[in-house]
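Geometric and topological summary
Here is how the chains run, residue by residue.
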Amino acid sequence: MAQNDTGLGADSATARLRLLARLAAERANLLRQLRGLDEAALTTSPIGGEWTAKDILAHLGMWDAFHTERMSLVLNGRINAIKELGGQPESEDRNAEIHAFCQTLSLEQALAICLKERGGFLATLSRTPDELLLRKLTFAWGWQTQMRQWVEWRYEHDAEHAKSFAAWRKTLSREQKMQIGPFCILRALLKATRKEFIAIAKLVPTAERETRPVCGHWALKDVVGHITDWERVGVAGLRQLAAGQTPEFDPPITDFEAWNANHAAVRREQTWETVWHDFTETRRELMALVDGMADEGWKRPFAAPWNAQINGYIWTLIWADHEHEHAADVRQALNGEQ
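**Overview of helix α10 (residues 256-268)**
The end-to-end C-alpha distance of α10, which contains 13 residues, comes to 18 Å, matching closely the 18 Å that a straight helix rising 1.5 Å per residue would cover. The inward-facing, buried residues of α10 contact β4 (218-219), α9 (220-242) and α11 (272-292). Of the residues that open α10, the one with a side-chain oxygen 3.3 Å from the backbone nitrogen of E257 is D255.

And the structure:
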């Protein structure tokens with residue numbers, strides 16, 4: 001993932017947004033590595049020893065919980081209650097305990113721990129004042145750090161395991177990576193890429209949403225409208241799948257550049273508020289259709305508007321990938337100007 005400067009300086013509000021954007025980006029990238037993999041691969045195929053993807057998801061959550069607890073103790077003025085973790089041996093012992101616990105979990109349970117504990121960590125971070133996030137803390141055993149470092153460790157942890165997931169994916173066959181994956185992973189990925197895009201979009205100053213290029217000559221408003229217009233195509237397909245129909249698209253989309261230009265022109269005169277409302281409402285409808293989809297809908301084959309042969313699962317993945325792609329565009333534009 002692209003690196004962000006996350007040092008909290010004079011503009012602490014912007015620096016906090018950078019931290020949040022990095023957390024969201026690394027989590028989306030991590031979950032994206034699990035696309036197209038079935039439950040057997042996620043729960044039985046080893047990744048670097050005895051750990052499976054399922055185990056690693058719970059492992060990430062439990063380390064988030066560990067740091068949430070420490071942050072809470074600092075916030076409550078109980079820093080002296082924080083005990084030394086020690087070096088690598090003690091971390092390995094903790095990981096061994098986590099791995100043993102993971103053997104009792106289903107994939108859905110492991111993912112729930114991963115998501116729940118990240119939510120708790122973010123909630124604790126949101127109530128941590130900037131001053132305290134930056135303050136040098138000294139613990140009973142003499143070690144010093146800042147709470148900001150704990151935040152950075154969380155996204156670095158995701159990045160480390162995303163890298164191991166990506167390396168593992170390369171060892172799998174094309175067929176193994178083209179399965180209909182578990183619904184819980186698909187739903188989590190859609191939510192993660194949306195959070196990723198919103199988090200990076202918040203770094204574009206309000207006054208520059210319609211003027212500052214962040215994807216070629218497009219400003220943020222153009223990109224938001226573009227994501228929405230394509231996602232409406234996604235909703236049209238999902239609506240037909242949910243009704244037990246084979247999706248059909250009229251007219252087909254054969255010239256992407258012309259399609260994009262035509263829709264961008266329509267959006268140009270709209271206000272930011274209108275474009276953002278469409279963005280959120282279209283995703284709300286998409287998620288409602290995803291949540292109500294029967295298994296048959298994920299399996300049903302059909303021709304995409306550009307004539308590729310896909311199924312309902314791959315069709316839904318497209319919209320997570322599309323948003324992830326444009327989040328990367330915005331991130332690259334912002335990083336290039338810092």
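**Observations regarding the confidence of the model for the protein**
The predicted model of the protein averages 93 in pLDDT, with 95% of residues at 70 or higher. Across residues 2-10, confidence stays below pLDDT 50; counting only partners more than four residues off in sequence or on other chains, it has 25 contacts.

**Quick look at the packing of aromatic side chains**
Scanning the entire structure with this criterion turns up 20 aromatic pairs. Taken together, a centroid distance of 6.3 Å and an interplanar angle of 15 degrees make the contact between W143 and W153 stacked. With W143 in the loop between β1 (137-138) and β2 (144-145) and W153 in helix α7 (residues 147-170), this pair connects stretches of sequence that are 10 residues apart. Of the aromatic side chains, those joined through ring pairs into one cluster are W230, F249, F256, W259, F302, W306, W315 and W319. A cation sits over an aromatic face here: R94 above W63, 4.8 Å from the ring centre. The ring of F279 carries the charged tip of R194 above its face, separated from the ring centre by 3.7 Å.

**Observations regarding the layout of surface pockets**
Put simply, the largest pocket is a space of about 660 Å³. Along the walls of the largest pocket sit 25 residues, with L115, A188, K191, A192 and K195 positioned nearest its centre. Counting residues per element, the ones that place at least two in the lining of the largest pocket are α1 (12-32), α5 (107-126) and α8 (183-201). With nine residues, the top contributor of residues to the lining of the largest pocket is α8. The volume enclosed by the second largest pocket comes to roughly 450 Å³. In terms of lining, the second largest pocket is formed by 20 residues, of which the most central are W63, H67, L85, S91 and W153. The leading source of residues in the lining of the second largest pocket is α7, at six residues. Looking at the lining of the second largest pocket, its residues break down into seven nonpolar, seven polar and six charged.

**Examining empty space enclosed by the protein**
One pass over the structure, following the stated rule, counts one cavity of 30 Å³ or more. The volume enclosed by the largest cavity comes to roughly 40 Å³. Taken together, W218, D222, G225, H226, D229, N260, H263, A264 and R267 make up the full set of residues lining the largest cavity. Elements supplying a minimum of two residues to the lining of the largest cavity: α9 and α10. The residue makeup of the lining of the largest cavity, split by class, is two nonpolar, four polar and three charged.

Conventions we followed
- Residues numbered from 1 in each chain as written.
- Predicted model: local features only at pLDDT ≥ 70, side-chain atom pairs only at ≥ 80, totals over all residues.
- Heavy atoms only, no water.
- Helix = DSSP H or I, 4+ residues; strand = E, 2+ residues; numbered from the N terminus.
- Expected span 1.5 Å × (residues − 1).
- Contact = heavy atoms within 4.5 Å.
- Polar contact = N/O pair within 3.5 Å; in protein donor to acceptor, adjacent residues only side chain to side chain.
- pLDDT = per-residue confidence, 0-100.
- Phe/Tyr/Trp six-rings, centres within 6.5 Å; stacked < 30°, edge-to-face > 60°.
- Lys NZ or Arg CZ within 6 Å of the ring centre and 35° of its normal.
- 1 Å grid on protein atoms, 1.4 Å probe; cavity = no way out; pocket = protein on both sides within 12 Å on 5 of 7 lines; lining within 4 Å.
- Points joined across faces, edges and corners; volume = space filled by probe spheres on them.
- Nonpolar A, V, L, I, M, F, W, Y, C, P; charged D, E, K, R; others polar.

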